[in-house]
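If you want the building blocks of each chain, they are given just below.
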Amino acid sequence: MKRNLAILSIFTIYLITLIGCSNEDTEEFDLNQLTRVDVQIFTGENSDNETIVTEKEKMKALRGLFARIKWEQNFKAEMARKEDVKTTLFFNFDKNMPERLFEYIIWFNQGEASATIIDRENNTLGTLEKEDAQKLRDILVNN
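A. Fine view of the packing of aromatic side chains. On inspection of all chains with the given rule, the structure shows four aromatic pairs. Relative to Y104, the ring of F66 lies with its centre 5.7 Å away and its plane at 70 degrees, an arrangement referred to as edge-to-face. Residue F66 is found in helix α2 (residues 56–67), and its partner Y104 is found in strand β5 (residues 100–109); the two are separated by 38 residues along the sequence. A centroid spacing of 5.3 Å and a plane angle of 90 degrees characterise the contact between F91 and F102, whose relative ring orientation is edge-to-face. A residue pair is termed long-range when its members are at least 10 positions apart, and F91 in strand β4 (residues 85–91) and F102 in strand β5 qualify at eleven residues. Note on accessibility: F91 and F102 belong to one class, buried. Among the aromatic residues, those joined into a ring-pair cluster are F66, W71 and Y104. The ring of F90 has R36 lying over it, and the distance from NZ or CZ to the ring centre is 3.8 Å. We note K82 situated over the ring of F42; from NZ or CZ to the ring centre the distance is 4.5 Å.

Structural data, given as structure tokens:
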């Protein structure tokens with residue numbers, strides 16, 4: 001009886017240690033770990049311009065703007081026109097690991113002066129309202 005209790009205790013401790021030490025990737029990411037944004041601007045059918053945003057003030061502004069995006073989960077979007085901007089966000093979660101990349105496709109809607117953002121990896125659709133959409137456009141397009 002004591003032997004079974006000892007084996008069960010050891011197994012329980014082992015299981016708790018295994019679960020506690022697992023390094024599972026989470027879907028959430030910390031915007032403070034955003035280190036760089038690559039921007040590909042489209043005009044017409046071609047990719048017209050590519051830039052990299054790394055300046056501290058612009059990165060701070062982008063972190064705030066990305067935090068204000070209102071997301072809708074499980075959304076499969078089909079847009080009538082080609083995107084205005086494709087962005088690749090670089091997150092550095094651990095200095096010993098490679099950067100993690102997230103790709104957002106962005107449309108700037110002229111009529112309602114908003115922005116539509118699609119994250120195809122997670123099937124989510126995001127929107128930014130007028131003022132924030134204009135700030136995002138200024139940073140990404142009007143470098």
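After that view, the rundown keeps rolling.
B. Layout of unusual backbone geometry. With a phi close to 50 degrees, N123 is a non-glycine residue in the positive phi region. For N123, the location among the structural elements is in the loop between β6 (114–119) and β7 (124–128). Under the relative-accessibility criterion, N123 is labelled partly exposed at 36%.

Calculation rules
Residues numbered from 1 in each chain as written. Predicted model: local features only at pLDDT ≥ 70, side-chain atom pairs only at ≥ 80, totals over all residues. Heavy atoms only, no water. Phe/Tyr/Trp six-rings, centres within 6.5 Å; stacked < 30°, edge-to-face > 60°. Helix = DSSP H or I, 4+ residues; strand = E, 2+ residues; numbered from the N terminus. Buried < 20%, exposed > 50% of the residue type's maximum accessible area, 1.4 Å probe, protein only. Lys NZ or Arg CZ within 6 Å of the ring centre and 35° of its normal.

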